[in-house]
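Chain by chain, the residues run as shown.
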2 protein chains.
Amino acid sequence: MTFAGPNLESVLDPKDAAECARIANDEMAELIAKHPDRFVGACASLPMNDIDAALAETDRAIRDLRFRGVEIFTDINGKPVDAPELMPLYEKMAAYNLPILLHPRRTNTTADYEGEPTSKYLVYTNFGWPYESSLAMARLAFGGPLQRFPTLKVVTHHAGGMIPYFHKRVQLSWDFNEMRMGYRHDGQMLTRAPLDYYRMFYCDTAIQGNTPALMCAYDFFGADHMVFASDTPYDNQLGERVTRETIEGVQAMAIDEASRKKIFADNARRLFRLPV
Amino acid sequence: MTFAGPNLESVLDPKDAAECARIANDEMAELIAKHPDRFVGACASLPMNDIDAALAETDRAIRDLRFRGVEIFTDINGKPVDAPELMPLYEKMAAYNLPILLHPRRTNTTADYEGEPTSKYLVYTNFGWPYESSLAMARLAFGGPLQRFPTLKVVTHHAGGMIPYFHKRVQLSWDFNEMRMGYRHDGQMLTRAPLDYYRMFYCDTAIQGNTPALMCAYDFFGADHMVFASDTPYDNQLGERVTRETIEGVQAMAIDEASRKKIFADNARRLFRLPV
């Protein structure tokens, strides 16, 4: 499984973005056709600065190129992922019964403090990305998408962002603020407990081989909602290191072999509906 | 161990802040004197909008009131915690050999997206606070304080913020950005590996009883750098629930009893130099 992943919408005008998405997705399809022993499928890049073009490219990628999902970023040109105009995409992906990969985005131009030109010490990516994932998950969970399309499947990056580590904080904070601070939920009506919405997500294993973190994610999402991902090639050894360390990290998890097999392969087969 | 915790500097003019800090710290001292069976010490609130007043109150609290540390927030009126004018405080606390408690701060007026008046779904606290802790830790680690005062002891809230879950991401990102992206560290010269600076911190156990998260924190910080804290009274049962669940969470950790005793008591005795 592979995907290209450029956030086209932030740098291109809508017409160029649509064309770039087609080129990227076509190249990906060629790559898969050429190396069926190495790639079992791909997820589509979408021109999200034009929702109609994004919907059309989704159809083309899934129907014509046989792609098995789409990728979006944690904000859409600065707008939250629960913006009303995005609902048709969620409706469509729920109907296809294929997942959305949710990828975080923030650049070092998001400064950490007023008066500073850029983010220092790689904070924008090291912590900013998992934070953006968590924020986007909150918007999908409580802002409409997962309430309106409860069968929608969203895979969230970096082992679920901050949710597995802080889920009891979320629960306690929700209870505290409702019961003692008079907080009133400011989104759609919830028909499930808040944490149950976060449990609807799937998390990947891209946490660079941190086994205790993987155990924490496993504890929250469970064996059926965790899919292997390596974050390749983002390391200093052209991808060798992070692939090796992520595999080793999952192998070191204190879980039964059936669960490990789910994480390494079975869940992905089911989620992306792969014929292999 | 207890502390008052108002972030005085953000709401008061310097003169009022200094007076409020004195009142708060005096009341805390009275409380401890009145209930020696319940409280073994306290940490001081400081009027951080006037560093000279904050330094004077630090001396008064530690020398006259026998306080065992001070509390600061993750930003000082919007400025980062490695601002040069704060260095005398770090120097002083390193000289006293007593810890700084680092508490996160962000209100719902920090909106998550442009065009929205406030943060939705409690994101500002649920995820924003641990994010602010992580950001402040990066600034203390790489912006000067921990390099200039390597014996300084800082206790970070909510089980170390995002560090224990994402530390391998930090390491990989640092290696990747240095070796493949030409990133040049933009702070003080580092004389240790980046993660070793994060390991200089002490983390607390205020993660609301999430045992896998505590194991993750333990894996990163080790048995000697983890101190029990309950986050009381922030729950919907006037503090009963979070205290109970945090104790249970630590009791459920798969560690030896000597390590558990360190977390529950010995580390705090050593860190705050308590005569009990």
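The rules behind each value
Residues numbered from 1 in each chain as written. Chains lettered and ligands numbered in written order. Predicted model: local features only at pLDDT ≥ 70, side-chain atom pairs only at ≥ 80, totals over all residues. Heavy atoms only, no water. Contact = heavy atoms within 4.5 Å. Buried area = accessible area lost by both parts, 1.4 Å probe. Salt bridge = Lys/Arg side-chain N within 4 Å of Asp/Glu carboxyl O. Polar contact = N/O pair within 3.5 Å; in protein donor to acceptor, adjacent residues only side chain to side chain. Helix = DSSP H or I, 4+ residues; strand = E, 2+ residues; numbered from the N terminus. Disulfide = S-S within 2.5 Å. Buried < 20%, exposed > 50% of the residue type's maximum accessible area, 1.4 Å probe, protein only. Phe/Tyr/Trp six-rings, centres within 6.5 Å; stacked < 30°, edge-to-face > 60°. Pairing = 2+ DSSP bridges. Axes fitted to C-alpha atoms, helices over the stretch in contact; angles between N-to-C directions. Parallel < 35°, antiparallel > 145°, perpendicular 65-115°, else oblique. Left-handed = near helix turned anticlockwise from the far one by under 90°. Nonpolar A, V, L, I, M, F, W, Y, C, P; charged D, E, K, R; others polar. Least-squares fit on C-alpha atoms with pLDDT ≥ 70 in both. pLDDT = per-residue confidence, 0-100. Right-handed = clockwise from strand over helix to strand, strands pointing away.

### Re the interface of chain A and chain B
Here is step 1: With 75 residues of chain A at the contact, the number on the chain B side is 75 residues.
Here is step 2: Carbon and sulfur atoms make up 62% of the surface buried where chain A meets chain B, a total of about 6,300 Å² over both sides.
Here is step 3: Looking at the side of chain A facing chain B, the largest losses of area belong to Tyr121(A), Tyr165(A) and Arg169(A), adding up to 16% of the total buried there.
Here is step 4: There are four salt bridges connecting chain A and chain B.
Here is step 5: A salt bridge links Arg139(B) to Glu116(A); the shortest N-O distance between them is 2.6 Å.
Here is step 6: Our count for the chain A to chain B interface comes out at 24 residue pairs in polar contact (both at pLDDT 80 or more).
Here is step 7: Of all elements in the fold, only helix H4 (123–126), helix H5 (128–142), helix H7 (157–160), helix H8 (163–179), helix H10 (211–221) and helix H11 (240–251) of chain A reach the threshold of two or more residues within the side of chain A that touches chain B.

### Topic: the pattern of salt bridges
Here is step 1: For the structure on display, the rule yields 30 salt bridges over all chains.
Here is step 2: Residue Lys79(A) is joined to Glu85(A) by a salt bridge in which the shortest nitrogen-to-oxygen separation is 2.4 Å.
Here is step 3: With its nearest N and O atoms 3.2 Å apart, the salt bridge here joins Arg139(B) to Asp82(B). Of this pair, Arg139(B) sits in helix H5 (residues 128–142) while Asp82(B) is found in the loop between strand E3 (70–73) and helix H3 (87–96), placing the two residues 57 residues apart along the sequence.
Here is step 4: Each of Asp26(A), Glu57(A) and Arg60(A) takes part in salt bridges that share partners, so that together they form one network.

### Considerations on unusual backbone geometry
Here is step 1: The residue after Thr232(A), namely Pro233(A), is reached through a cis peptide bond having omega 10°.
Here is step 2: Despite not being glycine, His158(A) shows a phi value in the positive range, around 50°.
Here is step 3: Inspection of the secondary structure assignment puts His158(A) in helix H7.
Here is step 4: Of note in the backbone geometry, Asn77(B) takes a positive phi value of approximately 55° without being a glycine.
Here is step 5: Mapped onto the elements of the fold, Asn77(B) is located in the loop between E3 and H3.

### Looking at the side chain of Thr58(A)
Here is step 1: By secondary structure assignment, the location of Thr58(A) is in helix H2 (residues 51–64).
Here is step 2: In this structure Thr58(A) touches Leu46(A), Val70(A), Leu89(A), Lys92(A), Met93(A) and Tyr96(A), once residues within four positions along its chain are discounted.

### Re the state of the cysteines
Note: disulfide means a covalent bond formed between the sulfur atoms of two cysteine side chains.
All names here are of chain B.
Here is step 1: Applying the stated criterion across every chain yields a total of zero disulfides over all chains.
Here is step 2: Not engaged in a disulfide, the cysteine Cys20 finds its nearest cysteine sulfur in Cys43; these two sulfurs lie 19 Å apart.
Here is step 3: Using a relative accessible area of 31% as the deciding quantity, one classes Cys20 as partly exposed.

### Observations concerning the packing of aromatic side chains
Aromatic ring pairs are reported here in terms of the distance separating the ring centres and the angle at which the planes meet.
Here is step 1: Scanning the model with the defined rule gives 22 aromatic pairs over all chains in all.
Here is step 2: Centroid distance Phe142(A) to Tyr197(A): 6.0 Å. Interplanar angle 70°. Geometry classified as edge-to-face. Of this pair, Phe142(A) sits in helix H5 while Tyr197(A) sits in helix H9 (residues 194–198), and the two are 55 residues apart along the sequence. There is no split in this pair, since Phe142(A) and Tyr197(A) are both buried.
Here is step 3: Between the aromatic rings of Phe142(B) and Trp174(B), the centroid separation amounts to 4.9 Å while the plane-to-plane angle is 50°, which identifies the pairing as tilted. Of the two residues, Phe142(B) sits in helix H5 while Trp174(B) sits in helix H8 (residues 163–179), which places them 32 residues apart along the sequence.

### Observations concerning the sheet that holds strand E7 (residues 226–227) of chain B
All names here are of chain B.
Here is step 1: The parallel open sheet is built from five strands, whose spatial order is E3-E4-E5-E6-E7. Taken across any chain shown, the strands that pair with only one partner, and hence form the sheet edges, are E3 and E7.
Here is step 2: Relative to strand E5 (residues 154–156), strand E4 (residues 100–103) is paired through three bridges, and the arrangement is parallel. Of the residues in E5, the one forming a bridge with Leu102 is Thr156.

### Re the packing of helix H2 (residues 51–64) of chain B against H3(B)
Residues and elements named next belong to chain B.
Here is step 1: Interaxial distance between H2 and H3 falls to 10 Å at its minimum, and their mutual angle equals 15°. Relative to H3, the element H2 is oriented roughly parallel. Where H2 crosses over H3, the two elements pack in a sense that is right-handed. Of the residues in H3, those in contact with Ile51, Leu55, Thr58, Asp59, Ile62 and Arg63 of H2 are Pro88, Leu89, Lys92, Met93 and Tyr96.
Here is step 2: Classifying every residue of the contact of H2 with H3 gives seven nonpolar, one polar and three charged.

### Digging into the relation of the copies chain A and chain B
Here is step 1: Under the fitted operation, chain A is carried onto chain B by 0.0 Å of movement along the axis and a turn of 180°, and the coordinates agree to an RMSD of 0.0 Å. Such a combination of turn and shift is consistent with a two-fold rotation axis.

### Quick word on the confidence of the model for chain A
Here is step 1: Of all residues in chain A, 96% have pLDDT values of 70 or greater, and the mean over the chain is 93.
Here is step 2: Interface confidence for the predicted complex, given as ipTM, is 0.95, next to a pTM of 0.95.

### Observations regarding the pairing of E4(B)
Residue and element names in this part refer to chain B.
Here is step 1: The alternating pattern of E4 places Ile100 and Leu102 and Leu101 and His103 on opposite faces, both of which are buried.
Here is step 2: Of the pairings in the sheet, the one linking E3 to E4 comprises four bridges and is parallel in character. Residue pairing in the sheet places Ile72 in a bridge with Leu102 of E4.
Here is step 3: On the question of chirality, the crossover connecting E3 to the parallel E4 by way of H3 is right-handed.

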